[in-house]
Amino acid sequence: MNFVKAIVAAGLVAASTSAYAADITGAGSSFIYPVLSKWADAYKKDTGGVVNYQSIGSGAGIKQVQAKTVTFGATDAPLKSDQLEKDGLAQWPMIMGAIVPVVNIEGVKPGDITLDGQTLADIFQGKITKWDDPAIKKLNSKLNLPSAAISVVHRSDASGTTFNFTDYLSKVSADWKSKIGSGTVVEWPAGVGAKGNEGVSANVGQTKNSIGYVEYAYAKQNKLTYTGLVNKAGKPVQPTNEGFQAAASNADWAHAPGYYLILTDQPGEKSWPIVASTFILLHKDAADKAATQDALKFFKFSFEKGAKMAEELDYIPMPESVIKQIEKTWSSEIKS
């Protein structure tokens, strides 16, 4: 059982016994799940506190926290300030990470194949249907690609990963922007759907000549073949910590109301084009103040002791200056 499958199994067990064991309940983003699980394990060893988190997708996580069935929600598609106000929610970024296209092509190893934004959009739009299409061959002249039909895999659930991926495609392809657009759910012109980063990882891993998109930790832990991308500066780049940090360095959190900020298609010669954040949603004035305080203790622990754990999974920890800003937000907005 690989790492991601193991933590998914652990999450299912936790969910099934939540009535008896959970101190802190949360739900949402599958993007954050690998690192959140690692933090939760460390938190339990350090404090005895239990975090029960359901990896059900950002859209479902937002609905659960709005309905007050969990203490916190996690979403990769941030809510705008008017929606936060309406729902009585505080929001802050917890971690940053990268989204990568993943493929399953015989003889092609991680990083062997490079795509640009327009070609990627055309593949997911169903315009490019074979791996030896001239547009792909032009970018990969030294690669022997098969004349095989491309099997497109996308998310079937309301997904923050989809929100960021389609936001990127909308920025690099006018046709994608006008016909499909961006969102946690879109009308996919091609392909089959799978639930969660877990489902897309499994589907691509099992389907020859397929392509999908997942959070980088899932690609790495499942040994999937990720692609390189041509970034905004026109440079071919690989998914690396340096590339993720380069893109994240442009984030101006201090001037983003409700921390609403999208990090796709950032400038810079080394920037990876699809970097995203996962945001935590917590009620400002919850009925169960003790649960809110327990959740904040967990998040404080994760900020203070979780950076190295995050980096080991190729996430980007929040900068210290932003963490201080977030902690001020907790003090000013969340009643305890």
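K.L.:
Hey, could you go over the pairing of strand β6 (residues 151–155) for me, with residue numbers and the actual values?
P.N.:
Of all five residues that make up β6, four are buried, and the element is covered over most of its length. Pairing of β6 with strand β8 (residues 210–215) involves two bridges; the strand directions are parallel. Paired with Ser151 across the two strands is Ser210, which belongs to β8. The sheet contact formed by β6 and strand β7 (residues 192–194) spans three bridges and is parallel. What sits directly across from His154, in β7, is Gly193.

K.L.:
Account for the side chain of Glu198, naming residues and giving values.
P.N.:
Mapped onto the elements, Glu198 comes out in helix α10 (residues 196–206). Although Glu198 is buried, it forms no salt bridge, and the closest oppositely charged side chain is Arg155 at an N-O distance of 6.1 Å.

K.L.:
Talk me through the nonpolar core; I want residue IDs and the actual numbers.
P.N.:
By size, the foremost hydrophobic cluster in this structure holds 91 residues, and its most contacted members are Trp39, Trp92, Phe124 and Ile211. Setting aside anything within four residues of it in sequence, one finds Trp39 in contact with Ile32, Met94, Ile95, Phe298, Phe301, Ser302, Gly306, Met309 and Ala310. Judged by nonpolar contacts, the second largest core, of eight residues, contains Val65, Leu79, Leu84 and Leu281.

K.L.:
An account of the packing of aromatic side chains is needed here, citing residue identities and associated values.
P.N.:
Aromatic ring pairs are defined here through the distance separating the ring centres and the angle between the ring planes. Considering all chains together, one arrives at 20 aromatic pairs under this definition. Between Tyr33 and Tyr53, the aromatic rings sit 5.9 Å apart at their centres with planes inclined by 35°, giving tilted as the arrangement. Here Tyr33, found in helix α3 (residues 33–47), pairs with Tyr53, found in strand β2 (residues 51–55); they are 20 residues apart in sequence, far enough to count as distant. Accessibility assignment for this pair places Tyr33 and Tyr53 in one class, buried. Arranged with centres 6.0 Å apart and planes meeting at 70°, the rings of Trp253 and Phe279 form a pair that is edge-to-face. Of this pair, Trp253 sits in the loop between α12 (241–248) and β12 (275–283) while Phe279 sits in strand β12, and the two are 26 residues apart along the sequence. Assigned by exposure class, Trp253 and Phe279 land together as buried. Linked through ring pairs, Tyr33, Tyr43, Tyr53, Phe72, Trp92, Phe298, Phe299, Phe301, Phe303 and Trp330 together constitute an aromatic cluster.

Reading the values: rules and limits
Residues numbered from 1 in each chain as written. Predicted model: local features only at pLDDT ≥ 70, side-chain atom pairs only at ≥ 80, totals over all residues. Heavy atoms only, no water. Buried < 20%, exposed > 50% of the residue type's maximum accessible area, 1.4 Å probe, protein only. Helix = DSSP H or I, 4+ residues; strand = E, 2+ residues; numbered from the N terminus. Pairing = 2+ DSSP bridges. Lys, Arg positive; Asp, Glu negative; His and termini not counted. Salt bridge = Lys/Arg side-chain N within 4 Å of Asp/Glu carboxyl O. Core = buried A, V, L, I, M, F, W, Y, C linked by side-chain atoms within 4.5 Å. Contact = heavy atoms within 4.5 Å. Phe/Tyr/Trp six-rings, centres within 6.5 Å; stacked < 30°, edge-to-face > 60°.

Remember that the coordinates give geometry; whether it matters functionally is a separate question.
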